[in-house]
Amino acid sequence: MKLVIAIVQDDDALDLIDGITDEGFRVTKLATTGGFLKSGNTTLMIGVEKERVDVVINLIEEICKTRKQVVSSPSPMAGTTGVYIPYPVEVEVGGATVFVVDVDKFVKI
Ligand code: 2BA
């Protein structure tokens, strides 16, 4: 048994959940926040037999898209101390960040 932990963008989450459940997997959705952008994303936990991990990863690849996001980053003004002006920085947010974790024990009570 493996636990696939996938951090995806909110815009892709519902389509991915539909795809995952249509394939007969079970999934839990968590509302999470990225540490860098400090904006919302979605973390999905999917318990899956190890032989079927690739099916889940292929679904994630098909559904989750890379997008650009602009963030305001404060920059110190030249020659001054303590004065910051915001400037836009473009970052590319990946389709998904996926961890596949070994599960020692799986019990449903
Ligand atoms: P955030 O931490 O909000 O990061 C959003 C995007 O900002 C990242 O996209 C990356 O393009 C950029 N970024 C993050 N840290 C940066 C830094 N120190 N300098 C410059 N740019 C940076 P992704 O890499 O696709 O990550 C999307 C989300 O996945 C992240 O949101 C975070 O919630 C999660 N994540 C990514 N890698 C992770 C890891 N190793 N452990 C735990 N969560 C991770």
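All figures in this text were calculated on a predicted structure; none of them were measured in a lab.

Chemist: Explain the side chain of Lys2 to me, please; I cannot follow it from the model alone.
Modeler: Counting through the fold element by element, Lys2 comes out in strand β1 (residues 2–8). A polar side-chain atom of Lys2 sits 2.4 Å from a polar atom in the side chain of Asp102.

Chemist: Mind showing me how you'd approach the site of the ligand here?
Modeler: Lining the immediate surroundings of the ligand are Ile7, Gly34, Gly35, Phe36, Leu37, Asn41, Glu92, Val93, Gly94, Thr97 and Phe99. A distance of 2.8 Å separates an oxygen atom of the ligand from a polar atom in the backbone of Phe36. At a separation of 2.7 Å, an oxygen atom of the ligand approaches a polar backbone atom of Gly94. Contact with the protein chains removes 51% of the 750 Å² of surface that the ligand exposes when unbound. Mapped onto the shell around the ligand, the elements with two or more residues apiece are β5 (84–93) and β6 (96–102). Looking at side-chain class alone, the shell around the ligand contains five nonpolar, five polar and one charged residues.

Chemist: Help me understand the packing of helix α1 (residues 10–22) against helix α2 (residues 53–63), please; the structure alone is not making it clear to me.
Modeler: A pair of packed helices is captured by two measures, namely the crossing angle of their axes and the spacing between those axes. Direction vectors running N to C along α1 and α2 enclose 145°, while the axes themselves pass 10 Å from each other. Here α1 runs over α2; the crossing is right-handed. For the pair α1 and α2, contact is made by Asp12, Asp15, Leu16, Gly19 and Ile20 and by Leu59, Ile60 and Ile63, respectively. Residue composition of the contact of α1 with α2, by class: five nonpolar, one polar and two charged.

Chemist: Explain the pattern of salt bridges here, please?
Modeler: Following the criterion strictly, the structure yields five salt bridges and no others. With its nearest N and O atoms 3.7 Å apart, the salt bridge here joins Arg52 to Glu23. One end of the pair, Arg52, is in the loop between β3 (40–48) and α2; the other, Glu23, is in the loop between α1 and β2 (26–33), with 29 residues separating them in the sequence. Judged by relative accessible area, which is 39%, Glu23 ranks as partly exposed. Between Lys50 and Glu51 there is a salt bridge; the shortest N-O distance is 3.8 Å. On the basis of relative accessible area, Glu51 is assigned to the exposed category, the value being 60%.

Conventions and cut-offs
Residues numbered from 1 in each chain as written. Predicted model: local features only at pLDDT ≥ 70, side-chain atom pairs only at ≥ 80, totals over all residues. Heavy atoms only, no water. Helix = DSSP H or I, 4+ residues; strand = E, 2+ residues; numbered from the N terminus. Polar contact = N/O pair within 3.5 Å; in protein donor to acceptor, adjacent residues only side chain to side chain. Near = heavy atom within 4 Å. Areas by Shrake-Rupley, 256 points an atom, 1.4 Å probe, with all protein chains shown as cover. Nonpolar A, V, L, I, M, F, W, Y, C, P; charged D, E, K, R; others polar. Axes fitted to C-alpha atoms, helices over the stretch in contact; angles between N-to-C directions. Left-handed = near helix turned anticlockwise from the far one by under 90°. Contact = heavy atoms within 4.5 Å. Salt bridge = Lys/Arg side-chain N within 4 Å of Asp/Glu carboxyl O. Buried < 20%, exposed > 50% of the residue type's maximum accessible area, 1.4 Å probe, protein only.

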